[in-house]
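What the coordinates show
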Amino acid sequence: MHINIYKTKTLLKHLVEMEKATITLTRRIQLLIDLPANEQKEMWEKLYRYQNRCFRAANLIVSHLYVQEMIKDFFYLTEDVQYKLADVNKDEMGIFTRSKTHTTARMVFDRFKGEIPTDILGSLNNTIQSTFSKNKADYWQGAKSLRNFKKDIPIPLPVKCISKMKYNPEKKAFCFNMFAIPVKTYLGKDFTDKRLIMEQLLREEIKLCTSQIQLKAGKIYWLAVFEFEKEEHLLKPEIIAEASLSLEHPIVVKANNVRINIGSKEEFLYRRLAIQASQKRIQAGVAYARSGNGAKRKQKALYKTENLESRYVSHRLHLYSRRLIDFCIQQQAGTLILKDQEDKIGIAKEQEFVLRNWSYYELQTKIKYKAEKAGIELIIG
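What you are looking at is a predicted structure, and each value in this text was computed from that prediction instead of being measured.

Reading the values: rules and limits
Residues numbered from 1 in each chain as written. Predicted model: local features only at pLDDT ≥ 70, side-chain atom pairs only at ≥ 80, totals over all residues. Heavy atoms only, no water. Buried < 20%, exposed > 50% of the residue type's maximum accessible area, 1.4 Å probe, protein only. Helix = DSSP H or I, 4+ residues; strand = E, 2+ residues; numbered from the N terminus. Pairing = 2+ DSSP bridges. Phe/Tyr/Trp six-rings, centres within 6.5 Å; stacked < 30°, edge-to-face > 60°. Lys NZ or Arg CZ within 6 Å of the ring centre and 35° of its normal. Salt bridge = Lys/Arg side-chain N within 4 Å of Asp/Glu carboxyl O. Axes fitted to C-alpha atoms, helices over the stretch in contact; angles between N-to-C directions. Parallel < 35°, antiparallel > 145°, perpendicular 65-115°, else oblique. Left-handed = near helix turned anticlockwise from the far one by under 90°. Contact = heavy atoms within 4.5 Å. Nonpolar A, V, L, I, M, F, W, Y, C, P; charged D, E, K, R; others polar. Expected span 1.5 Å × (residues − 1).

**Overview of the pairing of strand β4 (residues 173-178)**
Burial of β4 is extensive: six of the six residues sit out of reach of the surface. In β4, alternate side chains face the same way, and those of Ala 173, Cys 175 and Asn 177 on one face and Phe 174, Phe 176 and Met 178 on the other are all buried. Looking at chain direction, strand β3 (residues 162-168) and β4 are connected through five bridges and run antiparallel. Counted as the bridge partner of Lys 166 is Cys 175 from β4. Hairpin connection, β3 to β4: the antiparallel pair is bridged by four residues, and Lys 172 has positive phi, about 50°. Here β4 pairs with strand β5 (residues 181-186) via four bridges, running antiparallel. Residue pairing in the sheet places Asn 177 in a bridge with Pro 182 of β5. Linking two consecutive strands that pair antiparallel, namely β4 and β5, is a turn of two residues; a positive phi of about 55° is found at Phe 179 within it.

Right, here's the structure in full:
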């Protein structure tokens, strides 16, 4: 009976989502300003100016939206003040002269005219309006506080602000202009699908959506959002694959009386612990390194292992989740159930060693993305 409920739920949801032929995914790609060093200062100043105006505009927009929604609950105001705030035809101080979306857009356009492209402000306004609408019931009930935007807010990057995108074989990078600033991608040793996705974008096989630019520690990151069609496979919603995540085997999955183990404790956990031990030895040895020529030379070995553990974990979990989805496709399983995950996450939180060394959330995220891309319904139990 338990499985039948899942089947019924899955079939109904499958029918509802048949029209959704596309999905979106986000990739974090580092960008470099593609200009001589002596010409980069002006471009950095422009980006930081845009970020500052976005920070100020975002807080202004959300404050105005809150007042618009809550003004009728400000019972301590006089009738005359409420009246002025509500009706522009009878008082020039009225605010509702146009649609709600346009009121905040016009406000920030006028405030920051000439300091930042209006396309950025328009995109920022739409995003905040959408988020505010989802949470306004909680604001009204006092269940949530109004969001406060910080100075490191990402800068919206509308598609129309990107031009001249191409691959430059000499620079071995994808180059384009954003906000009239020449930039190029820095993929490094890319173990993910970023290069493949960029190639698909140039071939117009996938679509680029409004993205964001993040400035962090003197670096530029492009939070690129791509839209692409779901993969077409001969899947049957009534065929259910059941998977569980554990320390002994990262993934155990069965479908159609076929059961496989994906990965092993020795392969994943022990290698991760070895990386941690190696980094501790290097950190301990820094104090005994030959002095002179600054701290950078003494910590050179430490820099080489920076993010080594996170890169290894991300790569392994990508392989595990890929093998899981390939198994579901092979078995024509249109439904994937992750069993007893809430219980296991609760156990992991109680055991510091498990929580520190086993990435339940990251693996779930990768499985969710790949399942959606393949058209497989994911149920987390």
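There's plenty left to go through after this.
**Re the packing of aromatic side chains**
Applying the stated rule across the entire model yields six aromatic pairs. Measuring from centroid to centroid gives 5.8 Å for Trp 44 and Tyr 48, while their planes differ by 25°, and the two rings are stacked. In this pair, Trp 44 and Tyr 48 both sit in helix α2 (residues 40-70), four residues apart, roughly one turn of the helix. With centroids separated by 5.5 Å and ring planes inclined at 90°, the aromatic side chains of Tyr 50 and Phe 179 adopt a geometry described as edge-to-face. Of the two residues, Tyr 50 is situated in helix α2 and Phe 179 in the loop between β4 and β5; the sequence distance between them amounts to 129 residues. When sorted by exposure, Tyr 50 lands in the same class as Phe 179, which is buried. Taken together, the ring pairs connect Phe 176, Trp 222 and Phe 226 into an aromatic cluster. Sitting over the face of the ring of Tyr 369, Arg 27 holds its NZ or CZ atom 5.2 Å from the ring centroid. It is Arg 28 that lies over the ring of Tyr 221; its NZ or CZ is 3.8 Å from the centre.

**What about the pattern of salt bridges?**
Two side chains carrying opposite charge are able to pair once their charged atoms lie near each other. This structure, assessed with the given rule, holds seven salt bridges. Linking Lys 160 and Asp 119 is a salt bridge whose minimum nitrogen-to-oxygen distance equals 3.9 Å. Of this pair, Lys 160 sits in the loop between β2 (155-157) and β3 while Asp 119 sits in helix α5 (residues 118-141); the two residues are 41 residues apart in sequence, bridging distant segments of the chain.

**Side note on the packing of helix α10 (residues 308-330) against helix α13 (residues 360-374)**
As a packed pair, α10 and α13 sit with axes 9 Å apart at the nearest point and diverge in direction by 40°. Taken together, the axes of α10 and α13 are oblique relative to one another. Of the two elements, α10 crosses α13, and the hand of that crossing is right-handed. Contact residues: Val 313, Ser 314, Leu 317, His 318, Tyr 320, Ser 321, Arg 322, Leu 324, Ile 325 and Ile 329 in α10; Glu 362, Leu 363, Lys 366, Ile 367, Lys 370, Ala 371 and Ala 374 in α13. Of the residues that constitute the contact of α10 with α13, the class distribution is 10 nonpolar, three polar and four charged.

**Some details on α13**
Under the 1.5 Å per step criterion, the end-to-end length of α13 is 21 Å for 15 residues, consistent within 8% with the ideal 21 Å. Once α13 finishes, Gly 375 follows within two positions and takes phi at roughly 80°, a positive value.

**Details of the packing of α2 against α5**
Running from amino to carboxyl end, α2 crosses α5 at an angle of 40°, the nearest separation of the two axes being 9 Å. By the angle class used here, α2 and α5 are oblique. Where α2 crosses over α5, the two elements pack in a sense that is right-handed. Contacts from Tyr 50, Cys 54, Ala 57, Ala 58, Ile 61, Val 62, Leu 65, Tyr 66, Glu 69 and Met 70 of α2 reach α5 at Ile 120, Leu 121, Leu 124, Asn 125, Ile 128, Gln 129, Phe 132, Lys 136, Tyr 139 and Trp 140. Taken together, the residues of the contact of α2 with α5 sort by class into 16 nonpolar, two polar and two charged.

**Comments concerning the environment of Tyr 50**
A relative accessible area of 7% means that Tyr 50 is categorised as buried. Considering only alpha carbons, one finds Tyr 50 and Glu 115, 65 residues apart in sequence, at a separation of 7.6 Å. Beyond its immediate stretch of four places on either side in the chain, Tyr 50 contacts Glu 115, Ile 116, Pro 117, Ile 120, Ile 155 and Phe 179.

**Examining the sheet that holds strand β13 (residues 377-380)**
If you walk across this open sheet you meet the five strands as β11-β10-β9-β12-β13, and the pairing is mixed. Of all the strands in the sheet, just β11 (258-262) and β13 have a single pairing partner and so form its edges. Going across the sheet, the axis of each strand differs from the next one's by a mean of 25°, ignoring polarity. Here strand β9 (residues 236-244) runs beside strand β10 (residues 251-255); their pairing, made up of three bridges, is antiparallel. Within β10, the residue paired with Ala 243 across the bridge is Val 253. Sitting on the sheet, α10 is in contact with β9, β10, β11 and β12 (333-338), with an inclination near 5° to β10. Each of β10, β12 and β13 is contacted by α13, which is oriented at about 155° to β13, the strand it contacts most.

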